[in-house]
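Structural overview for review
Given next are the chains, with one letter for each unit.
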Amino acid sequence: MSYIEIKGMSKIFGEPGAGGMLALNDINCSIEKGSFVSVVGPSGCGKSTLMRIVAGLLDYSEGSVTMDGQPIRGTRRDIGVVFQSSILLPWRTILENVMLPAEVLGLDRKQARKRAMELLHMVRLDGFEHKLPRQLSGGMQQRASIARALLHDPKILLMDEPFGALDAMTREQMNLELQRIWSESGKTVILITHSIPEAIFLGDVVFVMTPRPGSLERVIRVDVPRPRTMDSMASPDFTSVAHQIRELFDHTGSFD
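Residue numbers here run from 1 along each chain, matching the order of that chain's written sequence. Side-chain atom pairs in this predicted model are given and counted only at pLDDT of 80 or more, local residue features only at pLDDT of at least 70, and totals for whole chains, interfaces and linings cover all residues. Only heavy atoms go into the side-chain values, all of them from the structure, while hydrogens and water stay out.

1. Focus: the overall build of the protein chain
Defined as follows: Helix and strand assignments follow DSSP, with helices taken as H or I runs no shorter than four residues and strands as E runs no shorter than two, numbered in order from the N terminus. Radius of gyration: C-alpha atoms only; globule rule: 2.2 Å multiplied by the number of residues to the exponent 0.38. Buried, partly exposed and exposed residues are distinguished by accessible area as a fraction of the type maximum, computed with a 1.4 Å probe on protein chains only: under 20%, between the cut-offs, and over 50%, respectively. The criterion used for residue contact is that any of the two residues' heavy atoms lie within 4.5 Å.
Tallying secondary structure elements over the protein chain gives eight helices and ten strands in all. Expected size for 256 residues packed as a compact globule is a radius of gyration near 18 Å; at 18 Å, the protein chain falls within 12% of this value. Counting only C-alpha atoms, the protein chain reaches 50 × 45 × 35 Å along its principal axes. Counting the 256 residues in the protein chain, one finds 51% classified as buried. Across the protein chain, contacts joining residues at least 24 apart in sequence account for 70% of those joining residues at least 6 apart.

2. Quick word on the packing of helix α5 (residues 138–150) against helix α6 (residues 168–185)
The condition is simple: Only the contacting stretch of a helix is used when fitting its axis, a line to C-alpha atoms as for every element, and angles between N-to-C directions run 0 to 180 degrees. If an angle is under 35 degrees, it is roughly parallel; if it is over 145, roughly antiparallel; if it lies from 65 to 115, roughly perpendicular; otherwise it is oblique. In this scheme, a crossing is called left-handed if the near helix is turned counterclockwise away from the far one by less than a right angle; it is called right-handed if the turn is clockwise.
Here α5 crosses α6 at 25°, and the two axes come no closer than 10 Å. In terms of their interaxial angle, α5 and α6 are classed as roughly parallel. Considering only the axes of α5 and α6, their crossing is right-handed. Mapping the contact onto sequence places G139, Q142, R143, I146 and L150 in α5 and T170, M174, E177 and I181 in α6.

3. Comments concerning the sheet that holds strand β10 (residues 216–221)
Which entries qualify depends on this criterion: Pairing between strands is defined by DSSP: at least two bridges between them are needed.
The strand order across the open sheet built from six strands is β6-β7-β8-β3-β9-β10, with neighbouring strands paired in mixed fashion. Because the sheet does not close on itself, it has two edges, and the strands there are β6 (79–82) and β10. The sheet shows a mean angle of 15° between the axes of neighbouring strands, taken without regard to direction. For strand β3 (residues 36–40) and strand β9 (residues 205–209), the ladder comprises four bridges, and the chain directions are parallel. In the strand pairing of β9, S38 is matched with V206. In this fold helix α1 (residues 47–55) packs onto β3, β6, β7 (156–160), β8 (188–192) and β9, with an angle of close to 155° to the strand it touches most, β7. Across the sheet, helix α8 (residues 236–249) is in contact with β3, β9 and β10; its angle to β10 comes to roughly 170°.

In structure tokens:
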């Protein structure tokens, strides 16, 4: 059995029928434990809605969504989420921001602080634990938000356009960093992105969605050897996957 199973899942906003909006339609997919899944699709196709459903932040209308055989209904402690904005509290230090889940979940403070320092080391923020968010670059703030999402040791890390607001050079560096963090943490990661190169660079597989109502058009496996470097983007395997994805969206003219 796969780690995450989505079967016949649809999401309707509003009342079913003429007054409702079908956002997701008959999604069927499975995700293996420890894998990195990228999700791409046109704007408004329901990528973020899909992520929020897997996170338990949003309910679905039909079908089933399970993790390790158990239905996902409502928020769970074993899922961490990183959004496009780092959403760090400006009056708290980086360490205090990373420690926030410990306060919310009532974790042992001493153990949580030890883990927070280990995570700050993993995301290469040693020496910045007592800085305020405004004293860090955008990329460093996102690394802090990743550490915060991992503090309570979730089994799954969900990331919704985490690098969308960063400049191109910083985004490339963050892709390399995220690949390393994923490799070291062993987490199952689902990444929502508008960037085809980013999706391929990070993913074991790429889920390609259709325009709204979003459904799963194709699952494409990425057979580019790891660890990947920026030079990997020039490899035949990489460009082949990119061509397959772009070909799927040529007729829409709306992929960005």
